[in-house]
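Fold and contact review
If you want the building blocks of each chain, they are given just below.
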Amino acid sequence: MKTFKMMSMTVIQEDQNISIPLIDGIIINQENSHRSWIIEMYVDKKDSTFFEKFEGTGEVMEVKIVISYPENEPASFEVAVYSVKKIGDYVSVLFKGTLKRIRRKYAEQLLAELITEGLSGEALVTRFEKDMRNRPQLKKDSANV
């Protein structure tokens, strides 16, 4: 098993990116044949209500997690909420899930979309940098859903 520090988490729901303010978090690669990961985050009590409705349902959600360093690109996971436990003024949220397949050529596909939208120059660079951090779903992928 390998353990990593979780720097940030964003939940992808429909076309929304919901950033979850972390107090602390850890992510564990179980390195098994199922490619399983365990994710535990420590959040303020007010931020736990979102996860309570998913607890124990088995419903899978997509999350993007920045691991180890804030500058790292987020990794996409498909997870289910396993438990939500209150600890004083905070809450521990435990997830189990798998790492989504790493997309090859995401940058190239994103750049092509932005150019098709008519962006150029500084506006293109700014939007490209923002979208590389946030990793929105590409239009090509939306059409296949």
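Residues numbered from 1 in each chain as written. Predicted model: local features only at pLDDT ≥ 70, side-chain atom pairs only at ≥ 80, totals over all residues. Heavy atoms only, no water.

Residues Phe51 and Phe95 are the most contacted members of the largest nonpolar core, which totals 23 residues. Listing elements by their share of this core, those giving two or more residues are β1 (2–13), β4 (36–44), α1 (49–52), β5 (61–67), β6 (75–87) and β7 (90–99). Apart from the residues within four sequence positions on either side, Phe51 is in contact with Val11, Ile20, Met41, Met61, Val81, Val84, Val93 and Phe95. Core analysis: the second largest hydrophobic core is formed by six residues, Leu110, Leu114, Leu124 and Met132 among them. (Core = buried A, V, L, I, M, F, W, Y, C linked by side-chain atoms within 4.5 Å. Buried < 20%, exposed > 50% of the residue type's maximum accessible area, 1.4 Å probe, protein only. Helix = DSSP H or I, 4+ residues; strand = E, 2+ residues; numbered from the N terminus. Contact = heavy atoms within 4.5 Å.)

A few words on the environment of Asn29. Relative to the elements of secondary structure, Asn29 occurs in strand β3 (residues 24–29). Along the backbone, Asn29 and Phe4 are 25 residues apart, and their C-alpha atoms lie at a distance of 8.3 Å. In this view, Asn29 contacts Met1, Lys2, Phe4, Ser36 and Trp37; residues no more than four positions away in its chain are not counted. Within the local environment of Asn29, its side chain forms a polar contact with the backbone nitrogen of Glu31, the two atoms lying 2.8 Å apart. (Polar contact = N/O pair within 3.5 Å; in protein donor to acceptor, adjacent residues only side chain to side chain.)

Take helix α3 (residues 121–134) next. With 14 residues, α3 should reach 20 Å at 1.5 Å per residue; the first-to-last C-alpha distance of 20 Å fits that figure. Those residues of α3 not exposed but buried are Leu124, Asp131 and Met132. The buried residues of α3 occupy an angular sector of 100° when projected down its axis, which confines them to one face. Projecting away from the buried face of α3 at angles above 90 degrees are the exposed residues Glu122 and Arg133. Those residues of α3 that are buried are in contact with α2 (106–116). Note on α3: the residue one or two positions beyond its end, Arg135, has a positive phi of about 50°. (Expected span 1.5 Å × (residues − 1). Arc of directions from axis to C-beta.)

It is worth spelling out the confidence of the model for the protein at this point. With 93% of its residues at a pLDDT of 70 or more, the protein has an overall mean of 88. Mean pLDDT per element in the protein: helix α4 (residues 139–143) is the minimum at 59, and β3 is the maximum at 96. (pLDDT = per-residue confidence, 0-100.)

Where α2 meets α3, the axes come as close as 10 Å, and the angle between the chain directions of the two elements is 140°. In this view, α2 runs oblique relative to α3, as classed from their interaxial angle. Handedness of the crossing formed by α2 with α3: right-handed. Counted together, Tyr106, Ala107, Leu110, Leu111, Leu114 and Ile115 of α2 and Leu124, Arg127, Phe128, Asp131 and Met132 of α3 form the full contact between these two elements. Classifying every residue of the contact of α2 with α3 gives nine nonpolar, no polar and two charged. (Axes fitted to C-alpha atoms, helices over the stretch in contact; angles between N-to-C directions. Parallel < 35°, antiparallel > 145°, perpendicular 65-115°, else oblique. Left-handed = near helix turned anticlockwise from the far one by under 90°. Nonpolar A, V, L, I, M, F, W, Y, C, P; charged D, E, K, R; others polar.)

To continue, consider the layout of surface pockets. Of the voids in this model, the second largest pocket is the one considered here, and its volume is about 220 Å³. If you go around the second largest pocket, you meet 13 residues; those closest to its centre are Ser8, Val66, Pro74, Arg133 and Asn134. Listing elements by their share of the lining of the second largest pocket, those giving two or more residues are β1, β5 and α3. Among the elements that line the lining of the second largest pocket, the one with the most residues is β1, at three residues. Classifying every residue of the lining of the second largest pocket by side-chain character gives four nonpolar, five polar and four charged. (1 Å grid on protein atoms, 1.4 Å probe; cavity = no way out; pocket = protein on both sides within 12 Å on 5 of 7 lines; lining within 4 Å. Points joined across faces, edges and corners; volume = space filled by probe spheres on them.)

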